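Residues per chain are reported as follows:
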Amino acid sequence: MSEASGTGATAKAGRTPRIAIIGAGMSGILTAIKLRQAGFDDFAIYEKADRLGGTWRDNTYPGLSCDVPSHLYSYSFELNPEWSHLFSPGAEIQAYFEGVAGKYGVEPRITYNTEISRGEYRDGRWHLSTGDGELDVVDFVIAATGVLRDPVYPDIDGLDSFAGDRFHSARWNHDVGLAGKRVGIIGTGSTAIQIVPAIIDRVAKVSLFQRTAQWIFPLANPPYTEADKENFRHNPGVMQHMHRSMSAQIAGSFSQAVIGNREQMKLIEEACQANLDENVRDPELKRQLTPDYQAACKRLIMSDEFYPAIQRPEAELVTEGIERIEAGGVRTGDGRLHELDVLVLATGFDGHRFMRPMHLVGQDGLTLDRAWQDATQAYRSVALPGFPNFFMLVGPNSPIGNFSLIEISEIQLAYIMQLIELYRDGGFRAIAPRPDATRRFNEAIMEAMKGTVWVTGCRSWYLDKNGNPAMWPWSFERFCAEMDQPDLNEFELVA
Ligand code: N01
């Protein structure tokens, strides 16, 4: 791709803030593009890794794809005619972000291998430091640090004693060949359910250690034909229509089901049950694969490949609890040793860390750890009382039931940009949400959460330490309405 846009023609006279973007994943790249287009060119992107892409850089496991359709999981302003599948593989998504970052001139603005470990609001500006000392002093910080970033390693006795190769699914070791190997996978989340069908053809055996059964929604993943792609290339309106209609379809179905629409939920439950009934014949295996909680309580898994794969002779579903890990493999509660050459920890992520372990110090010495000691809450997911001129993308309570996080991030950024434009135009020097407005917002969230599927009794990464889901409990329409325009009455402004 060639460079698409320089500094926007809309740049206006006024204050020119210096802005730090933290993280060069989906949201960080987006922020850089939109800032430039709006004429804000004094910014830097700090990225702790040596490559952009965030979760798509970190996750490279076999079978990785996104369960949001590719023509929806794209920036609205950079639709991509080349997507290979309805749900394209992870490597293609990573290449997409690299291509967009190159096309929009974002790449040279990224400072790699630079982890911001501390940010302190002092004398009206944010002082950002790495382990090596102060690095930058800025007017605004936009934390684009992602949600599913920190792998969770299971607390199982003897984990380190395993003599074979062992790695987390988000840190896949491609130097380890799987051909002819006995592979153990711990976990049955979206990740493991994608890995099993992807490796079953080449391994000697897969042992899938299941602690909790999963509901699986049957979803085929057809490729786009050359003719489809040709059509997309020449008629971008077709892609725009797909983007809009896929968004509307999810908003009207799945996103409604998870927040209490019984009719929509019934359709999901029936589809998951029929998937199990029609595709798993052995009654004992079917019993083991039948969850004891409501569909979509955990993040719903989409796959039409898992049930066939787990019924292959090379696959074994292990439902006996794990006792410990030994040099030779995994010992389960029934005393059996499952001998393994490779052990994959598909045990998920801590979805409640956000920009931590970054140490943030806001006004009057308020630290992020103190602000979040009881609960990880924010004002409309994007701002924090006591932390002026600090914004988050995809912060607490951002995810809307299986929606594209790109669309969510675009809407949140458009909201934040309105405030930065107000700063440019002299509207304030410092802005932070009012504590009472933040409290009211979070009380409303807690109340609305009672009607959602996420609190119907299951364990999932959605739930924080208090058992509250870090999700948006209302409709997508409400999200759009609430994020359309900042209500300045809900902010404290310093002129
Ligand atoms: O992780 P998970 P994931 N002993 O947290 C088990 C996104 N994503 O990486 O259910 C034994 O869902 C744990 O068991 P249990 C998507 O948002 C998207 O699969 O808690 N087992 C569970 O089975 C997704 O939701 C895509 O009882 C242990 C598993 O590990 C999110 O990432 C693809 C254990 C963790 O499942 C995370 O998915 C991949 C222990 N000590 C990921 N500890 C797509 O777009 C944990 N487990 C398709």
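A quick note: this is a predicted structure, and the numbers were derived from the prediction, not measured. Position labels on residues start from 1 in each chain and follow its written sequence. Local features are withheld for residues below a pLDDT of 70 in this predicted model, meaning they are given only at 70 or higher, and side-chain atom pairs are given and counted only at 80 or more; totals for whole chains, interfaces and linings count all residues. Remark: hydrogens and water are excluded; side-chain values derive from all non-hydrogen atoms of the structure.

Novice: Can you help me understand the site of the ligand in this one?
Specialist: Here, proximity means that at least one heavy atom of the residue falls within 4 Å of the molecule or strand. As a structural note, the neighbourhood of the ligand is formed by 24 residues, with Asp 67, Thr 191, Thr 212, Lys 298 and Trp 461 the closest of them. Take Ser 65: an N or O atom from its main chain is 3.5 Å from an oxygen atom of the ligand. For the ligand, an oxygen atom lies 2.7 Å from a polar atom in the side chain of Thr 191. Notes on the ligand: free accessible area 910 Å², of which the protein chains cover 87%. Every helix listed is a DSSP run of H or I at least four residues long, and every strand listed is a run of E at least two residues long, numbered separately from the N terminus. Looking at the shell around the ligand element by element, the count peaks at 3 residues for helix α4 (residues 190–199). All amino acids are sorted into three groups, where Ala, Val, Leu, Ile, Met, Phe, Trp, Tyr, Cys and Pro are nonpolar, Asp, Glu, Lys and Arg are charged, and the leftover types, Gly among them, are polar. Taken together, the residues that form the shell around the ligand break down as 9 nonpolar, 10 polar and 5 charged. Domain extents, as shown, originate in an automatic or database domain assignment. Formed jointly, the shell around the ligand draws a minimum of three residues from each of two domains, domain 1 (7–52 + 106–150 + 350–494) and domain 2 (159–222 + 231–345). Two N or O atoms count as a polar contact when they lie within 3.5 Å, although within protein this holds only if one can serve as hydrogen donor and the other as acceptor, and sequence-adjacent residues are included solely when both atoms are side-chain atoms. Computed by Shrake-Rupley with a 1.4 Å probe, the accessible areas treat only the displayed protein chains as cover when residues are assessed.

Novice: Would you take a moment to explain the sheet that holds strand β18 (residues 342–345) for this structure?
Specialist: One key point about sheets: their strands pair by backbone hydrogen bonds, in either a parallel or an antiparallel sense. In this description, strands pair whenever DSSP reports at least two bridges between them. Pairing is parallel in the open sheet, where 5 strands are placed in the order β9-β18-β10-β11-β14. Of all strands in the sheet, those with a lone pairing partner are β9 (165–168) and β14 (315–318), marking the two edges. Put simply, the sheet's adjacent strands are angled 15° from each other on average, direction ignored. Of the pairings in the sheet, the one linking strand β10 (residues 182–186) to β18 comprises 4 bridges and is parallel in character. Residue pairing in the sheet places Val 183 in a bridge with Val 342 of β18. Throughout, a contact is declared for two residues whenever any of their heavy atoms are within 4.5 Å. Axis definition: a line fitted to C-alpha atoms, limited for helices to the stretch in contact. Angles are taken between N-to-C directions and run from 0 to 180 degrees. In the packing of α4 onto the sheet, contacts are made with β10, β11 (205–209) and β18, and the angle to β10 comes to roughly 165°.

Novice: Got a minute to help me understand helix α3 (residues 90–103) in this structure?
Specialist: An α-helix turns once every 3.6 residues. As a result, residues three or four positions apart point the same way. The terminal C-alpha atoms of α3, which comprises 14 residues, lie 20 Å apart, in line with the 20 Å expected from a rise of 1.5 Å per residue. When accessible area is computed with a 1.4 Å probe and restricted to protein chains, residues below 20% of their type maximum are described as buried, those above 50% as exposed, and intermediate ones as partly exposed. Residues Gly 90, Ile 93, Gln 94, Tyr 96, Phe 97, Gly 99, Val 100 and Ala 101 constitute the buried set of α3. Summarising the contacts, the buried residues of α3 are in contact with α1 (26–37), α2 (55–58) and α12 (405–424). Downstream of α3 by a residue or two, Gly 105 has a phi angle that is positive, lying close to 70°. How far a helix is expected to stretch is found by multiplying one less than its residue total by 1.5 Å.

Novice: Sorry, what's going on with the packing of aromatic side chains here?
Specialist: Remark: the centre distance and the inter-plane angle together describe each pair of aromatic rings, the angle taken between the planes. Pairs were defined over the aromatic rings of Phe, Tyr and Trp, the Trp ring being its six-membered one, requiring ring centres within 6.5 Å. Orientation was assigned from the angle between planes: stacked under 30 degrees, edge-to-face over 60, tilted for the rest. Applying the stated criterion to the full structure yields 28 aromatic pairs. Between the aromatic rings of Tyr 75 and Phe 77, the centroid separation amounts to 5.2 Å while the plane-to-plane angle is 15°, which identifies the pairing as stacked. Judged by its relative accessible area of 23%, Phe 77 falls in the partly exposed class. When the ring of Phe 140 is compared with that of Tyr 423, the centres are 4.9 Å apart and the planes differ by 80°; the resulting orientation is edge-to-face. Taken together, the residues Phe 140 in strand β7 (residues 140–143) and Tyr 423 in helix α12 connect sequence positions 283 residues apart. The same class applies to Phe 140 as to Tyr 423, namely buried.

Novice: Looking at this model, I keep getting lost on the packing of α1 against α12. Mind explaining?
Specialist: Helices that pack against each other are described as a pair by the angle of their axes relative to one another and the distance between those axes. Viewed as axis vectors pointing N to C, α1 and α12 meet at an angle of 40°, and their least axial separation amounts to 10 Å. What the angle tells us is that α1 and α12 run oblique. Considering the relative orientation of α1 and α12, their crossing is right-handed. Within the contact between the two elements, α1 uses Met 26, Ser 27, Leu 30, Thr 31, Lys 34 and Leu 35 and α12 uses Leu 405, Ile 406, Ser 409, Glu 410, Leu 413 and Met 417. Considered class by class, the residues forming the contact of α1 with α12 number 7 nonpolar, 3 polar and 2 charged. We call two directions roughly parallel when the angle between them is under 35 degrees, roughly antiparallel when it is over 145, roughly perpendicular when it lies between 65 and 115, and oblique otherwise. Crossing handedness: left-handed means the near helix sits turned counterclockwise from the far one by under a right angle, and right-handed means the same turn made clockwise.

Novice: Explanation requested: the packing of helix α5 (residues 226–234) against helix α6 (residues 236–252) in the structure shown.
Specialist: Two numbers describe how α5 lies on α6: the axes approach to 4 Å, and their chain directions differ by 100°. With respect to each other, α5 and α6 are oriented roughly perpendicular. In this structure, α5 uses Asn 231, Phe 232, Arg 233 and His 234 to contact α6, whose residues at the interface are Pro 236, Val 238, Met 239 and Met 242. Class assignment of the residues belonging to the contact of α5 with α6 gives a composition of 5 nonpolar, 2 polar and 1 charged.

Novice: Could you clarify how one ought to interpret the nonpolar core in this entry?
Specialist: One recurring pattern in soluble globular proteins: nonpolar side chains tend to sit buried together. Take the buried residues of types Ala, Val, Leu, Ile, Met, Phe, Trp, Tyr and Cys, join any two whose side-chain atoms come within 4.5 Å, and each joined set is a nonpolar core. In this structure, Tyr 75, Phe 97, Val 106, Ile 185, Leu 289 and Phe 306 are the most contacted members of the largest nonpolar core, which totals 123 residues. Sorting elements by how many residues they give to this core places α12 first, with 10 residues. Summarising the domain contributions, this core has at least three residues from each of domain 1 (7–52 + 106–150 + 350–494) and domain 2 (159–222 + 231–345). Among all residues touching Val 106, those that are not within four sequence positions of it are Ile 29, Ala 32, Ile 33, Ile 45 and Ala 101. Counting residues in hydrophobic clusters, the runner-up holds 24 residues, among them Tyr 46, Val 141, Met 355 and Ala 378.

These values are about where atoms sit, not about what they do.
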